[in-house]
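# A closer look at the structure
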Amino acid sequence: MAFEPPQRLVRALGETAPDGDDWLVELPETAHQAVTLRELTVERVQVPGGRSSLVVLVRRADGTPAVLKLAPPRFRPESERAALARWGGVGAVQLLEPFVTEGVLLLERLHPDLSVRSLPEAKALLEAAGTLRRLWVEPPGDHAFETVAERTGRQAEAMRVTASAEAEVAGLVGAALAAREELLAAPPETRLLHGTFRQSKVLAGERMPWLAVGPDPVVGECAFDLARLVRDRVEDLIASPSGAAITRRRVKRLAESLEVDQERLRGWTLFRAVESGVRALRVGRPRDAELLLEFAGWL
């Protein structure tokens, strides 16, 4: 079978690929080797798939359905492997094998086309929040996960560069950076976090109704993880005449239901929305940037 990467993946990697990166060029052969080594039968490549990895639906030699996931090093697949091992299938997709090949993960098969986002909004938020809570565990004592301070530090530098060239975002960037500094001064807890959690990252499963997939794990406070969920379905929020009020209620409701400080959640939501908006602007996605920065302005 030809392992043709979906166009969504090709476009996304093209936005971020460093000079000389040949991961996409080598991907078909890498996928073929991974399948052969594990004696897998390929059903299909998941389309449209994600923006950072190739996902292939396969069956193991005994007929068990599984997922083969291949990701380039810059998206930290070994960090994902370590987080999935720590969670052990509680709240997250199950890792089916220990380390075999760098950047290649064999995972439990969920229902790839059925995410919690298919539910009505209130129910989707409730189920997503309940899934996220199960992931907030103590990190291993010898962990090598990136911290929230480290990740947001890199992001902050990129935001400053963009703000210096794009005057119209300077005010929001300044507010987001100030919020980050204040939040990092006294974090209330340290947990292993999903890192990129949102409704589309929660898929229907057989072991449990809903399980998280696709973490970019980080260690830090819970409000940082929850912040990305606040802006889910941002396009619907922007289209609503009461979007700003709905957003404020969502911050309050999520903070109360998951027992995190409301102001800390608001601050991390502001930082993460501005960071995403500025990054979208930088890579040439002005419509996404407009939505995210308008949302950030409500906070």
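What you see is a predicted model, and the numbers here were worked out from it, not measured in a lab.

### Digging into the side chain of Glu 275
You can see Glu 275 is positioned in helix 10 (residues 262-282). Non-local contacts of Glu 275, meaning those with residues more than four positions away in its chain, are made with Gln 155 and Met 159.

### Observations concerning the packing of helix 7 (residues 222-230) against helix 10
Between helix 7 and helix 10, the shortest axis-to-axis distance is 8 Å and the interhelical angle comes to 65 degrees. Here helix 7 and helix 10 pass one another in a crossing that is right-handed. Between helix 7 and helix 10, the contacting residues are Ala 223, Phe 224, Asp 225, Leu 226, Ala 227, Arg 228 and Val 230 on the first element and Arg 264, Leu 265, Trp 268, Thr 269 and Arg 272 on the second. In terms of residue class, the contact of helix 7 with helix 10 is built from 7 nonpolar, 1 polar and 4 charged.

### Observations regarding the sheet that holds strand 4 (residues 104-108)
Taken in spatial order, the 4 strands make up an open sheet running 1-2-3-4, and their pairing is antiparallel. Two strands lie at the open edges of the sheet, namely strand 1 (41-45) and strand 4, each paired on one side alone. Neighbour to neighbour, the strand axes of the sheet diverge by 30 degrees on average, direction disregarded. Here strand 2 (residues 54-59) pairs with strand 3 (residues 65-70) via 6 bridges, running antiparallel. Paired with Leu 54 across the strands is Leu 70, a residue of strand 3. The sheet strands contacting helix 2 (residues 23-38) are strand 1, strand 2, strand 3 and strand 4, and the helix crosses strand 3 at an angle near 145 degrees.

### Remarks on the side chain of Asp 225
Position of Asp 225 among the secondary structure elements: in helix 7. Within the buried set, Asp 225 has no salt-bridge partner at all; the shortest N-O distance to an opposite charge, 4.7 Å, is to Arg 272. A polar contact is formed between the side chain of Asp 225 and the side chain of Trp 136, at a distance of 3.0 Å.

### A closer look at the nonpolar core
Ranked by size, the top nonpolar core spans 71 residues in total, and within it Leu 226, Leu 265 and Val 274 carry the most contacts. With sequence-adjacent residues up to four places away left out, Leu 265 is seen in contact with Ala 223, Leu 226, Ala 227, Val 230, Val 251, Leu 254, Ala 255 and Val 260. Listed in part, the 18 residues of the second largest apolar core include Leu 9, Trp 23, Leu 54 and Val 56.

### Topic: the pattern of salt bridges
Side chains bearing opposite charge may pair, as long as their charged atoms lie close to each other. Scanning all chains against the criterion turns up 24 salt bridges. Of the charged contacts, one joins Arg 117 and Glu 235 as a salt bridge, the two residues approaching to 2.8 Å between their closest N and O atoms. Highlighted residues: Arg 117 in the loop between strand 5 (111-115) and helix 4 (121-135) and Glu 235 in helix 8 (residues 234-239), separated in sequence by 118 residues. Since its relative accessible area comes to 32%, Arg 117 is described here as partly exposed. Here Arg 154 and Glu 146 are joined by a salt bridge, their closest N and O atoms 2.7 Å apart. According to the relative accessible area criterion, Glu 146 is buried, its value standing at 14%. Through salt bridges with shared partners, a single network forms among Arg 76, Glu 146, Arg 151, Arg 154 and Asp 216.

Rules of the game
- Residues numbered from 1 in each chain as written.
- Predicted model: local features only at pLDDT ≥ 70, side-chain atom pairs only at ≥ 80, totals over all residues.
- Heavy atoms only, no water.
- Helix = DSSP H or I, 4+ residues; strand = E, 2+ residues; numbered from the N terminus.
- Contact = heavy atoms within 4.5 Å.
- Axes fitted to C-alpha atoms, helices over the stretch in contact; angles between N-to-C directions.
- Left-handed = near helix turned anticlockwise from the far one by under 90°.
- Nonpolar A, V, L, I, M, F, W, Y, C, P; charged D, E, K, R; others polar.
- Pairing = 2+ DSSP bridges.
- Buried < 20%, exposed > 50% of the residue type's maximum accessible area, 1.4 Å probe, protein only.
- Lys, Arg positive; Asp, Glu negative; His and termini not counted.
- Salt bridge = Lys/Arg side-chain N within 4 Å of Asp/Glu carboxyl O.
- Polar contact = N/O pair within 3.5 Å; in protein donor to acceptor, adjacent residues only side chain to side chain.
- Core = buried A, V, L, I, M, F, W, Y, C linked by side-chain atoms within 4.5 Å.

Read these as layout, nothing more, since geometry by itself doesn't imply function.
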